[in-house]
Amino acid sequence: MSSGEIFDSVNMKVDYLGGKSSVAEHGEILLEVNKFELCAQHSLSQTEWWSMVHCMFSLQECMNYETTDASSADGHSCEEANEGTDDDETMTGLTGLDTDLSDCECSLEGVVDYCATEYTSTTFAELDDCKNSSLGQHLAIASNTIAEAADSGSAVWVNIEDITVSVSNREHSELGIWAKGVKSTVCAHLSYVGVHLEECKELTFF
């Protein structure tokens, strides 16, 4: 649902866990990632910010590094990150394996710069200014408050009109089932409010 008529029919918002337990698991750099993505969400259209966030998640391994020297020393590159070989679910990222990532530097700032340039009308400099501002801090605190209140301990969850669709682990097969459940729930709600889409017709409730 990252594009297409279902995506165009929903109002999507992403909130991010950024409390002590999350930082303990992922490191302080998580807070920087969250602020970059929240600043994009705050300032851009849904199509632009989600395309950028999707791009960043596709290159997630690189976002663990502050510099390309550090990622290179560990044998990582944007191409390798996109292949998903070190991903828990070994899932490929940006439209498969043939994406041109020659301009992508394997670091957090490199990924933000690449994804913003490729998918948005903003710049790394503008996003970085927001991340380092009081606005960026406010967005992060507010988002973490919402995410912590909704966190039930599930590995992944999404709320759709107060209906929570969750999955207990991040196995590839389980995530696939979860994604189908998310799509079914979205389509069911759209149908309920009188929006009938071609992308939803394959589902059994139609």
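Per chain, residues are indexed from 1 in the order of the written sequence. Local features are withheld for residues below a pLDDT of 70 in this predicted model, meaning they are given only at 70 or higher, and side-chain atom pairs are given and counted only at 80 or more; totals for whole chains, interfaces and linings count all residues. Based on all heavy atoms of the structure, the side-chain values leave hydrogens and waters out of the count.

### Describing the overall build of the protein chain
Right, so step 1: Counting from the N terminus, the helices are DSSP H or I runs at least four residues long and the strands are E runs at least two residues long. Of regular secondary structure, the protein chain possesses 10 helices and 2 strands.
Right, so step 2: The linear arrangement of helices and strands in the protein chain, starting from the amino end, is α-α-α-α-α-α-α-α-α-β-β-α.
Right, so step 3: A total of 206 residues make up the protein chain; the buried ones form 40% of that total.
Right, so step 4: Should any heavy atoms of two residues lie within 4.5 Å, those residues are counted as being in contact. Restricting the contact set of the protein chain to residue pairs at least 6 apart, pairs at least 24 apart contribute 55%.
Right, so step 5: Working definition of accessibility: Shrake-Rupley area with a 1.4 Å probe, residue cover restricted to the visible protein chains. Total accessible area computed for the protein chain in this model is approximately 11600 Å², and 49% of it derives from carbon and sulfur atoms. Partly exposed describes any residue whose relative accessible area lies between the buried limit of under 20% and the exposed limit of over 50%, with all areas from a 1.4 Å probe on protein chains only and scaled to the type maximum.

### Quick word on the packing of helix α4 (residues 46-58) against helix α7 (residues 108-119)
Right, so step 1: Axes, fitted as lines to C-alpha atoms, cover a helix only where it is in contact. Angles between the N-to-C directions of the axes lie from 0 to 180 degrees. At their nearest, the axes of α4 and α7 sit 9 Å apart, and the two run at 140 degrees to each other. The pairing of α4 with α7 is recorded here as oblique in orientation. Of the two possible hands of crossing, α4 and α7 adopt the one that is right-handed. Between α4, through Glu48, Ser51, Met52, Cys55 and Met56, and α7, the contact on the second element is made entirely by Val111, Val112, Tyr114, Cys115, Ala116 and Tyr119. Oblique is the label for any angle not covered by the other classes, which are roughly parallel (under 35 degrees), roughly antiparallel (over 145) and roughly perpendicular (65 to 115). For any helix crossing, the convention is left-handed if the near helix is rotated counterclockwise from the far helix by under a right angle, and right-handed if that rotation is clockwise.

### Remarks on the pairing of strand β1 (residues 156-160)
Right, so step 1: One bridge is not enough; two strands pair if DSSP finds at least two bridges between them. Pairing geometry for β1 and strand β2 (residues 163-167), over 5 bridges, is antiparallel. Paired with Trp157 across the strands is Ser166, a residue of β2.

### Quick look at the state of the cysteines
Right, so step 1: In this description, the term disulfide denotes a pair of cysteine sulfurs within 2.5 Å. In this structure the tally under the stated criterion is 5 disulfides.
Right, so step 2: Here Cys62 engages in a disulfide with Cys106; their sulfurs sit 2.0 Å apart. Across the S-S bond linking Cys62 and Cys106, the dihedral sits near -100 degrees, which makes this disulfide left-handed. Placement of the pair is Cys62 in the loop between α4 and α5 (68-73) and Cys106 in the loop between α6 (78-83) and α7, with a sequence separation of 44 residues.

### With respect to the nonpolar core
Right, so step 1: For the purposes of this section, nonpolar cores are sets of buried Ala, Val, Leu, Ile, Met, Phe, Trp, Tyr and Cys residues that join through side-chain atoms within 4.5 Å. Ranked by internal contacts, the top residues of the largest apolar core, which has 35 residues, are Met52, Met56, Leu59, Val112, Cys115 and Leu127.
Right, so step 2: If we skip the residues at most four places from it in the chain, Cys115 touches Met52, Cys55, Met56, Leu59 and Thr120.
Right, so step 3: Among the nonpolar cores identified, the runner-up in size contains 13 residues, and Ile6, Val165, Val167 and Cys200 belong to it.

### Here we look at α4
Right, so step 1: Helix span, as expected, comes to 1.5 Å for every residue beyond the first. Between its terminal C-alpha atoms α4 stretches 18 Å, which fits the 18 Å expected from 13 residues at 1.5 Å a residue.
Right, so step 2: Among the residues of α4, Gln46, Glu48, Trp49, Trp50, Met52, Val53, Cys55, Met56 and Ser58 are the ones counted as buried.
Right, so step 3: Elements in contact with the buried residues of α4: α1 (5-9), α3 (29-43), α6, α7 and α8 (124-131).

### Concerning the packing of aromatic side chains
Right, so step 1: Centres within 6.5 Å make a pair out of two Phe, Tyr or Trp rings, where for Trp the six-membered ring is used; the pair is then stacked when the planes are under 30 degrees apart, edge-to-face when over 60, and tilted otherwise. This model, assessed by the stated rule, comprises 2 aromatic pairs.
Right, so step 2: With centroids separated by 5.8 Å and ring planes inclined at 40 degrees, the aromatic side chains of Phe36 and Phe124 adopt a geometry described as tilted. Placement of Phe36 in helix α3 and of Phe124 in helix α8 is noted, with a sequence separation of 88 residues between them. Exposure class is identical for Phe36 and Phe124. Each is buried.
Right, so step 3: On the numbers, 5.9 Å between centres and 85 degrees between planes, the contact of Trp49 with Trp50 is edge-to-face.

### A word on a nonpolar patch on the surface
Right, so step 1: Residues Tyr192, Val193 and Val195 make up a contiguous nonpolar surface patch of roughly 330 Å² in combined accessible area.
Right, so step 2: Relative to the helices and strands, Val193 is located in the segment after α10 (172-192).
Right, so step 3: Taking the relative accessible area as the measure of exposure, Val193 reaches 49% and is therefore partly exposed. Residues qualify for a patch when their relative accessible area is over 30% and they have no salt bridge, like charges being joined within 9 Å and the nonpolar side chains of Val, Leu, Ile, Met, Phe, Trp and Tyr within 5 Å. Between Lys or Arg on one side and Asp or Glu on the other, a salt bridge is scored when a side-chain nitrogen of the former is within 4 Å of a carboxyl oxygen of the latter.

### Observations concerning the pattern of salt bridges
Right, so step 1: Summed over the entire model, instances satisfying the criterion amount to 4 salt bridges.
Right, so step 2: A salt bridge links Glu32 to Lys131; its shortest N-O distance comes to 2.8 Å. Here Glu32, found in helix α3, pairs with Lys131, found in helix α8; they are 99 residues apart in sequence, far enough to count as distant.
Right, so step 3: A residue is classified by how much of its surface remains accessible, and Glu32, at 27% relative accessible area, is partly exposed.
Right, so step 4: Overall, Lys131 belongs to the buried group, its relative accessible area being 7%.
Right, so step 5: Across the pair Lys201 and Glu198 runs a salt bridge whose closest N-O atoms are separated by 2.9 Å.
Right, so step 6: One salt-bridge network, in which partners are shared between bridges, spans Glu32, Asp128 and Lys131.

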